[in-house]
Amino acid sequence: MSSSNGKLRYDGRVAVVTGAGAGLGREYALLFAERGAKVVVNDLGGTHSGEGASQRAADIVVEEIRKAGGEAVADYNSVIDGAKVIETAINAFGRVDILVNNAGILRDKSLIKTSEQDWNLVNDVHLKGSFKCTQAAFPYMKKQNYGRIIMTSSNSGIYGNFGQANYSAAKMGLVGLANTVAIEGARNNVLCNVIVPTAASRMTEGILPDILFNELKPKLIAPVVAYLCHESCEDNGSYIESAAGWATKVHIVRGQGAVLRPSLDDPVTIEYVKDVWSKVTDMSRAKHLGAIGEASGTLLEVLEKLKEGGGDAVEDTFEFDSNALITYALGIGASIKNDKDMRFLYENDTDFAAIPSFFVMPGLMLQMSTDKLVSKALPNSQVDFTNILHGEQYLEIVDDLPTSGTLLTSGKVFDVMDKGSGAVVVTNCDSFDESGRLLVRNQSSTFVVGAGKFGGKKEPIAGVVPLQPAPNRQPDAFVQYVTSEDQAALYRLSGDRNPLHIDPQMALMAGFKTPILQGLCTMGFSVRAVLAQFADNNPALFKAVKVRFSGPVIPGQSLRVDMWKQGTRINFRTVVVETGKEVISGAYVDLKSSQAKL
Ligand SMILES: CCCCCCC[C@@H](O)CC(=O)SCCNC(=O)CCNC(=O)[C@H](O)C(C)(C)COP(=O)(O)OP(=O)(O)OC[C@H]1O[C@@H](n2cnc3c(N)ncnc32)[C@H](O)[C@@H]1OP(=O)(O)O
């Protein structure tokens with residue numbers, strides 16, 4: 001009930017505040033009364049460790065309220081007798097609208113020294129007392145279709161605090177109690193929230209440092225609790241931390257988690273758990289779940305994935321910005337010497353855009369960040385940078401591409417082939433933007449040299465994107481580029497830090513005389529050639545590319561890209577000019593429209 005001057009009022013409401021003889025409870029009681037509520041000032045009047053009883057504390061506060069012109073009655077019952085506390089409200093005022101479960105005691109001891117009595121007493125007053133009072137008030141509130149309930153938790157519960165095992169447990173218990181009360185009351189407009197206060201009171205005296213203690217006035221928290229209890233506040237099940245004239249909502253969050261077995265038929269092993277532990281504990285994409293149904297919903301999704309045998313999917317985020325796009329463009333030979341390349345090199349260019357082949361990166365980085373995909377797909381195989389070569393790549397742009405953002409990429413092994421001289425592992429990686437929109441699909445084949453002859457099948461399954469041989473005629477066009485001796489060194493800044501491309505020793509171990517160029521760098525040069533020749537350098541016309549890396553390129557060599565136009569498909573091959581050897585075969589770029597011209 002708001003009065004005309006905009007002040008929030010509680011006229012006609014009856015508020016029960018437990019433990020209202022001092023500290024926070026007293027401030028709540030005074031504020032409710034000042035704003036028109038009739039108040040039950042409950043206080044057993046014991047010591048802060050729960051000894052003794054006295055009517056004095058409650059009486060003083062009642063007196064204070066009455067003197068100020070408010071209405072209040074005292075109640076001296078223990079909150080464990082919750083029914084009696086609520087009875088006081090019904091007898092005096094005929095109803096109960098607001099219940100602030102605030103009463104509490106402390107019996108701080110280290111875990112080892114905590115007696116059963118210390119445990120029971122603290123839990124009884126905080127947890128059982130809140131339960132008893134709430135249970136007694138609930139029928140009245142439900143019947144009148146109105147109620148506001150507060151549970152009082154503590155950072156000691158949420159984070160733990162040395163010497164407060166009993167208190168921490170009770171305080172976290174109150175969070176659980178509030179969660180369910182909020183659900184059970186919602187239909188009848190009986191809302192329940194949690195306050196997590198840090199206040200100077202007789203309970204915290206001697207625990208908090210003096211400087212902090214003096215600034216943590218209970219009076220500064222009372223308006224937060226009062227607002228939570230006002231009819232205009234629709235929060236339900238919220239945890240609100242408040243102290244020193246500050247308040248915030250607190251959430252329990254859950255990470256994305258990791259699937260712990262490849263399929264429904266597989267057991268969960270300790271070793272697998274260890275392998276994916278960093279994913280289990282990764283909180284970078286943690287989320288708050290609104291209800292228990294959301295939590296179990298995720299489990300159903302996991303089971304669905306496992307049924308499809310997709311439990312081995314791995315996920316990662318990929319962040320990029322204009323720097324990443326420009327570094328990539330330079331890495332595949334874009335140059336300011338070419339006017340039409342400015343849009344790829346200068347973030348203030350009005351048409352600034354990514355060269356579309358940049359979007360192989362999320363899939364590549366996912367594969368390089370985990371040894372779970374390629375190596376796990378092969379029996380007894382040791383996969384490392386000395387025996388893998390990029391075999392094939394397919395990239396498809398599905399939706400409009402931003403020039404910066406964070407993509408979530410999900411990848412899994414799609415096919416494994418035994419080619420004798422090596423094994424080919426095909427992975428599919430889909431990348432989504434933050435709203436869940438699928439932007440890019442990548443399919444990569446990794447040729448694992450020497451890992452063949454394991455008795456696997458030779459042919460690909462349906463869904464492995466096939467190559468397309470070049471037409472049997474002279475190319476319609478060709479473009480030639482010189483790569484720099486530093487090309488691989490420059491390109492690796494985009495993320496592919498495979499030492500094969502820069503470290504002569506590693507190259508020797510992998511069977512090459514010198515470091516070789518990244519396959520995707522050669523692909524990038526080739527895509528640039530097709531865009532320049534057939535799409536007026538317009539990246540928006542690019543739809544997809546498929547290539548096979550059929551031979552290595554040495555940085556410094558020249559590349560000739562031979563192209564054939566067949567409608568919107570541009571077939572191409574890439575040849576090292578100095579040797580005449582084909583290094584990209586069976587390749588094509590699909591453009592979005594047939595505006596493409598010779
Ligand atoms: C975990 C991380 C994920 C991946 C990260 C990648 C990181 C990067 O840093 C790695 C790189 O960029 S490496 C550089 C780019 N790649 C290359 O230079 C490889 C060039 N290709 C070759 O040398 C040979 O084709 C070679 C060696 C691949 C094959 O040659 P051969 O052994 O002589 O094979 P061949 O007799 O020609 O054919 C045997 C069967 O294999 C198939 N095949 C051939 N080349 C393939 C290729 N590139 N990709 C896929 N399959 C290929 C053939 O079709 C044949 O199969 P079938 O008998 O069924 O026809």
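Everything discussed here concerns the structure shown above.
Calculation rules
Counting restarts for each chain, with residues numbered from 1 along the sequence as it is written. pLDDT decides what is reported in this predicted model: residues at 70 or higher carry local features, side-chain atom pairs at 80 or more are listed and counted, and totals for whole chains, interfaces and linings draw on all residues regardless. Think of it this way: any DSSP run of H or I at least four residues long counts as a helix, any run of E at least two long counts as a strand, and we number them from the N terminus. Remark: C-beta atoms are placed from the backbone, and a residue is labelled buried if 20 or more other C-beta atoms sit within 10 Å of its own, exposed if 12 or fewer do, or partly exposed between those counts. By the criterion used throughout, residues are in contact when their C-beta atoms, derived from the backbone, lie within 7 Å. A fitted line through C-alpha atoms represents every axis, and for helices the fit uses only the stretch in contact; the resulting angles, taken between N-to-C directions, go from 0 to 180 degrees. If an angle is under 35 degrees, it is roughly parallel; if it is over 145, roughly antiparallel; if it lies from 65 to 115, roughly perpendicular; otherwise it is oblique. Here a crossing is called left-handed whenever its near helix is offset anticlockwise from the far helix by less than a right angle, and right-handed whenever the offset is clockwise. Placing a C-beta atom from the backbone of each residue, we mark the residue near a molecule or strand if the atom is within 6 Å of it. Here, a nonpolar core means buried Ala, Val, Leu, Ile, Met, Phe, Trp, Tyr and Cys residues linked by C-beta atoms lying within 7 Å of one another. Note on pairing: two strands pair once DSSP finds at least 2 bridges between them. Take the residue count of a helix, subtract one, and multiply by 1.5 Å to get its expected span.

Caption draft 1: Quick look at the overall build of the chain. Looking only at helices and strands, one finds 18 helices and 20 strands in the chain. For the chain, with 598 residues in total, the buried portion stands at 44%. Counting only contacts in the chain whose residues sit at least 6 apart along the sequence, the fraction spanning at least 24 positions is 70%.

Caption draft 2: Geometry of the packing of helix 4 (residues 116-143) against helix 6 (residues 165-185). Relative to each other, helix 4 and helix 6 sit at 15 degrees, their axes nearing to 9 Å. As summarised for this structure, helix 4 and helix 6 are arranged roughly parallel, according to the angle between their axes. Here helix 4 and helix 6 pass one another in a crossing that is right-handed. Between helix 4 and helix 6, the residues in contact are Asp118, Trp119, Val122, Asn123, His126, Leu127, Ser130, Phe131, Thr134, Met141 and Lys142 and Asn166, Tyr167, Ala169, Ala170, Lys171, Gly173, Leu174, Leu177, Val181 and Gly185, respectively.

Caption draft 3: Representation of the packing of helix 1 (residues 23-34) against helix 2 (residues 56-67) in the model. Running from N to C, helix 1 and helix 2 cross one another at 25 degrees; their axes reach a closest spacing of 10 Å. Judged on the interaxial angle alone, helix 2 and helix 1 are roughly parallel. Handedness of the helix 1/helix 2 crossing: right-handed. Residues Arg26, Ala29, Leu30 and Ala33 of helix 1 form the contact with helix 2, whose own contacting residues are Val61, Glu64 and Ile65.

Caption draft 4: Quick peek at the site of the ligand. In the vicinity of the ligand lie 27 residues, with Gly391, Ser421, Asn498, Gly519 and Phe549 positioned nearest. For the shell around the ligand, the secondary-structure elements that each account for two or more residues are helix 14 (361-369), strand 12 (388-397), strand 14 (422-432), strand 15 (438-449) and strand 17 (542-549). The dominant element in the shell around the ligand, judged by the number of residues it contributes, is strand 12, at five residues.

Caption draft 5: The nonpolar core, seen in detail. Ranked by size, the top nonpolar core spans 79 residues in total, and within it Ile355, Phe359, Val425, Val530 and Val589 carry the most contacts. With nine residues, helix 18 (residues 519-534) is the single largest residue contributor to this core. Ignoring anything within four residues of it in the chain, the contact list for Phe359 reads Ala354, Leu395, Ile397, Leu401 and Val440. Of all hydrophobic cores here, the second largest spans 76 residues; its members include Leu99, Ala103, Ala137 and Tyr167.

Caption draft 6: Structural view of the environment of Asp235. Along the chain, the position of Asp235 falls in the loop between helix 8 (222-228) and strand 7 (239-243). Along the primary structure Asp235 and Cys192 are separated by 43 residues, whereas in three dimensions their C-alpha atoms are 8.0 Å apart. The residues contacting Asp235, other than those within four sequence positions of it, are Leu191, Asn193 and Leu228.

Caption draft 7: How the structure looks around the sheet that holds strand 20 (residues 581-591). Taken together, ten strands build an open sheet; the order of strands is 11-13-14-15-12-17-20-19-18-16 and the sheet is antiparallel. Every other strand in the sheet has two partners, leaving strand 11 (314-320) and strand 16 (477-482) as the edge strands with one partner each. Strand-to-strand twist in this sheet, taken as the mean axis angle between neighbours without regard to direction, amounts to 20 degrees. Across the face of the sheet, helix 18 comes into contact with strand 12, strand 16, strand 17, strand 18 (558-566), strand 19 (569-576) and strand 20 while running at roughly 50 degrees to strand 20.

Caption draft 8: Geometry of the sheet that holds strand 2 (residues 38-42). Read from one edge of the open sheet, eight strands run 3-2-1-4-5-6-7-8, paired in mixed fashion. Bordering the open sheet on either side are strand 3 (71-75) and strand 8 (246-250), each of which pairs with just one other strand. Here the average twist between neighbouring strands, direction ignored, is 20 degrees. In the sheet, strand 4 (residues 98-101) pairs with strand 5 (residues 147-152) via four bridges, with the strands oriented parallel.

Caption draft 9: Broad picture of the pairing of strand 8. Across the five residues of strand 8, zero count as buried, placing the element largely on the outside. Taken together, the five bridges between strand 7 and strand 8 define a ladder with antiparallel strand orientation. Paired with Ile240 across the strands is Lys249, a residue of strand 8. Hairpin connection of strand 7 to strand 8: two residues between the antiparallel strands, including Ala244 at a positive phi of 50 degrees.

Caption draft 10: Focus on the environment of Val276. Assignment of secondary structure puts Val276 in the loop between helix 9 (270-275) and helix 10 (277-280). On the neighbour-count criterion, Val276 (19 C-beta atoms within 10 Å) is partly exposed. Sequence separation between Val276 and Val314 is 38 residues, and the spatial gap between their C-alpha atoms is 9.6 Å.

Caption draft 11: Region of the structure containing helix 18. Over its 16 residues, helix 18 runs 22 Å from end to end, which matches the ideal 22 Å to within 8%, given 1.5 Å per residue. In terms of burial, helix 18 is largely enclosed, as 15 of its 16 residues are buried. Phi for Asp536, located one or two positions after helix 18, is positive at around 50 degrees.

Caption draft 12: Spotlight on unusual backbone geometry. The residue Ala244 is not glycine, and still its phi comes out positive at about 50 degrees. Mapped onto the elements, Ala244 comes out in the loop between strand 7 and strand 8. Assessed through the 14 C-beta atoms surrounding it within 10 Å, Ala244 is described here as partly exposed. Phi angles above zero are rare outside glycine, and Lys453 is one such case at about 55 degrees.

Caption draft 13: The pairing of strand 13 (residues 405-418), seen in detail. Judged from the seven bridges that link them, strand 11 and strand 13 form a sheet pairing that is antiparallel. Residue pairing across strands places Phe320 opposite Gly405, the latter belonging to strand 13. Relative to strand 14, strand 13 runs antiparallel, the two sharing ten bridges. Along strand 14, the bridge assignment pairs Thr409 with Ser431. Hairpin connection between strand 13 and strand 14: a loop of three residues separates the two successive antiparallel strands, and Gly420 in this loop has a positive phi of roughly 80 degrees.

Caption draft 14: How the structure looks around helix 11 (residues 292-307). With 16 residues, helix 11 should cover 22 Å at 1.5 Å per step; its first-to-last C-alpha distance of 23 Å lies within 8% of that length. Among the 16 residues in helix 11, zero count as buried, and that is only a small part of the element.

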